[in-house]
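Architecture at a glance
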Amino acid sequence: MQQKNLAFTDIKAEGNNQVVVTVPDPSKNGDIVREIEADFGQGWSVSDRGTTLVATLDDATANQLRDRATEQAKQIIENRVNAFGVTEPIVARQGGEGTYQILIQMPGVDDPERVKNTLNADSNLELRLETKGTSVYPSRDAAEQGLKGLPNADQNEVFPYRERTAEGGGGAEQWIIVEKSVVISGLDMRDASGRQSASGSSNYEISFSLTPTGATRFAEVTGKNIGEFLCIVLNGEVKSRATIQSQIHDQGQITGSFTKRQAEDLALTLRSGALPAKAVYLEERTVGPSLGADSIRQGVTASIAGLLAVIAFMLFYYRGSGINAVLALILNLILLLAALVMFGATLTLPGIAGVILTIGMAVDSNVLIFERIREELRNGKVVASAVDVGFAKAFLTIIDTHVTTIVSAIFLFVFGTGPIRGFAVTLVAGLLANLFTAVFVSRTIFMWHLNRKARVESLSI
């Protein structure tokens, strides 16, 4: 309305879906209505009430906006939760139609307040040029006076700033005049990470990289303003003020008196985007470990029972060769647990289910090999030749079965939620370990047994 020279007294939002415009002269109401309808778009209607114009968003469009905002918030929260490194988190919509709620479950988190603050943190990062011909002012009033003296005062604004001390802490509050035009914003962020300051101090800084379009704009502005001050404005406060020494392209740092946790949390917030609407926490529950411990204890008991049953069957059915299968199976489990420890995975109930399935598939490979060896022995081949041919013929079958199962597990990991992903990770790790133990370890044991004598006439299989 300012650009179109349409006079107004006040503009304010009322309720959840109305904008009220108060005008001194109703004669221009027709022009104002057309501007509002063209600017606001579909779903808005404007009623003319004389000196008051009321723009109202219809319920259907409002619900679409709420639903879209909830979905966007769910994706952003999921990105932030995943960046915490939580094992098998669950982020899902909750409630029926017209309910805009998100359920978040984060196993193993011991600092809920930190998580809540980070998940709902606003992250409005802007890099702006400090207004030429101005300086750092000791008070807001002094900065406002300096702003009024500028020929283009409406294109600049005042922000607070705390200059870092030599010890890395924040000094007295000061004020800076910066240009309203934003060089780049948080939307131009490609990545951000917290790291210790390169200056050698104990403080931490946030290193960021930009998207190609953001980097192009950044390089153009910094190239034209070498020697000027560039201000990093975060959530309405200047966090850092530095002289542009040369043209800057696609990487930079936010420096300040950040602790390690503050730097990591800020970097996490920046790289996962800003929430489209503020989230309000309706309910919080903290569940103790007793129930989970009982479930895991029962799962471990089931695993041990299944393992013992499989060992008993292999020893009974394949006799001496069953010892070979048992050794390969135990090594398979050791490698699987080692992989889980190396990747920092938590053995939850779905993971235990993956371990139990791995036990069955591990001996399945040995069954394929042993049956091939038996078949060659029945055809009259000597033991050494039967073992070689048995492993050779079973190898491709073992590869086929494992590859198809791994492909299925990969799809479970890509499209599944937290618990399903835990099952997929455990299953893939177990299958890869099984390829090694069933083919290489088991064959090595057979070769060791056959080489103990000049000629082995029989094999306990």
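In this convention, every chain numbers its residues from 1, walking through the sequence in written order. Where local features are concerned, this predicted model is filtered to residues with pLDDT of at least 70; where side-chain atom pairs are given and counted, the filter is 80 or more; whole-chain, interface and lining totals use all residues. To obtain the side-chain values, all non-hydrogen atoms of the structure were used and water was disregarded.

**Looking at the packing of helix 9 (residues 349–378) against helix 10 (residues 383–415)**
Every axis in this analysis is a line fitted to C-alpha atoms, fitted for helices over the stretch in contact. Angles between the N-to-C directions lie between 0 and 180 degrees. Numbered from the N terminus, helices here are DSSP runs of H or I no shorter than four residues, and strands are runs of E no shorter than two. Two elements in contact, helix 9 and helix 10, have axes whose closest approach is 8 Å; the angle formed by their N-to-C orientations is 145 degrees. In terms of crossing hand, the pair formed by helix 9 and helix 10 is right-handed. On the side of helix 9, the interface is formed by Met 361, Ser 365, Leu 368, Ile 369, Arg 372, Ile 373, Glu 376 and Leu 377, while helix 10 contributes Val 383, Ala 386, Val 387, Val 389, Gly 390, Phe 391, Lys 393, Ala 394, Thr 397, Ile 398, His 402 and Thr 405. Residues are grouped as follows: nonpolar covers Ala, Val, Leu, Ile, Met, Phe, Trp, Tyr, Cys and Pro; charged covers Asp, Glu, Lys and Arg; every other residue, Gly included, is treated as polar. Split by residue class, the contact of helix 9 with helix 10 holds 12 nonpolar, five polar and three charged. By the definition used in this description, the sense in which the near helix is turned from the far one sets the handedness, with an anticlockwise turn below a right angle giving left-handed and a clockwise turn giving right-handed. What makes two residues a contact is simply this: any of their non-hydrogen atoms within 4.5 Å.

**Let's talk about the packing of aromatic side chains**
For Phe, Tyr and Trp, rings pair up if their centres lie within 6.5 Å, where Trp contributes its six-membered ring, and each pair is then called stacked (planes under 30 degrees apart), edge-to-face (over 60) or tilted (otherwise). Summed over all chains, the structure comprises eight aromatic pairs. Look at Phe 40 and Trp 44: their rings are 4.8 Å apart centre to centre, the planes differ by 65 degrees, and that puts the pair in the edge-to-face class. Burial classes: relative accessible area under 20% of the type maximum marks a residue as buried, over 50% as exposed, and values in between as partly exposed (1.4 Å probe, protein chains only). Owing to a relative accessible area of 32%, Phe 40 belongs among the partly exposed residues under this scheme. Arranged with centres 4.9 Å apart and planes meeting at 85 degrees, the rings of Tyr 317 and Tyr 318 form a pair that is edge-to-face. By relative accessible area, which is 38% here, Tyr 317 ends up partly exposed. By the ring-pair criterion, three or more aromatic residues cluster together here, those being Phe 313, Tyr 317, Tyr 318, Phe 370, Phe 391 and Phe 446.

**What about the side chain of Asn 332?**
As for its position among the elements, Asn 332 is in helix 8 (residues 320–342). For Asn 332, a relative accessible area of 0% gives the class buried.

**Quick look at helix 1 (residues 29–40)**
Expected span of a helix: the number of residues minus one, times 1.5 Å. Across its 12 residues, helix 1 extends 16 Å between first and last C-alpha, which sits within 8% of the 16 Å expected from 1.5 Å per residue. The complete set of buried residues in helix 1 reads Asn 29, Ile 32, Val 33 and Ile 36. The buried side chains of helix 1 occupy one side of the element, clustering within an arc of 100 degrees when seen end-on. More than 90 degrees from the buried face of helix 1, the exposed residues found are Arg 34 and Ala 38. Next to the buried residues of helix 1 lie strand 2 (18–22), strand 3 (44–48) and strand 4 (52–57). Downstream of helix 1 by a residue or two, Gly 41 has a phi angle that is positive, lying close to 90 degrees. In this context, the arc is that of the directions from the helix axis out to the C-beta atoms.

**Notes on the pattern of salt bridges**
One side-chain nitrogen of Lys or Arg within 4 Å of one carboxyl oxygen of Asp or Glu is enough to make a salt bridge. Overall, the coordinates contain 18 salt bridges when judged by the stated rule. A salt bridge links Glu 284 to Lys 116, with the nearest nitrogen and oxygen atoms 3.0 Å apart. Taken together, the residues span a long stretch of sequence, with Glu 284 in the loop between helix 6 (260–271) and helix 7 (290–318) and Lys 116 in helix 3 (residues 112–119) at a distance of 168 residues. The partly exposed category is assigned to Glu 284, whose relative accessible area is 46%. Of the charged contacts, one joins Lys 393 and Glu 376 as a salt bridge, the two residues approaching to 3.1 Å between their closest N and O atoms. Taken together, the positions of Lys 393 in helix 10 and Glu 376 in helix 9 put the pair 17 residues apart, joining distant regions of the chain. The buried category is assigned to Glu 376, whose relative accessible area is 2%. Three or more residues joined by partner-sharing salt bridges are found here, namely Asp 67, Glu 71 and Arg 93.

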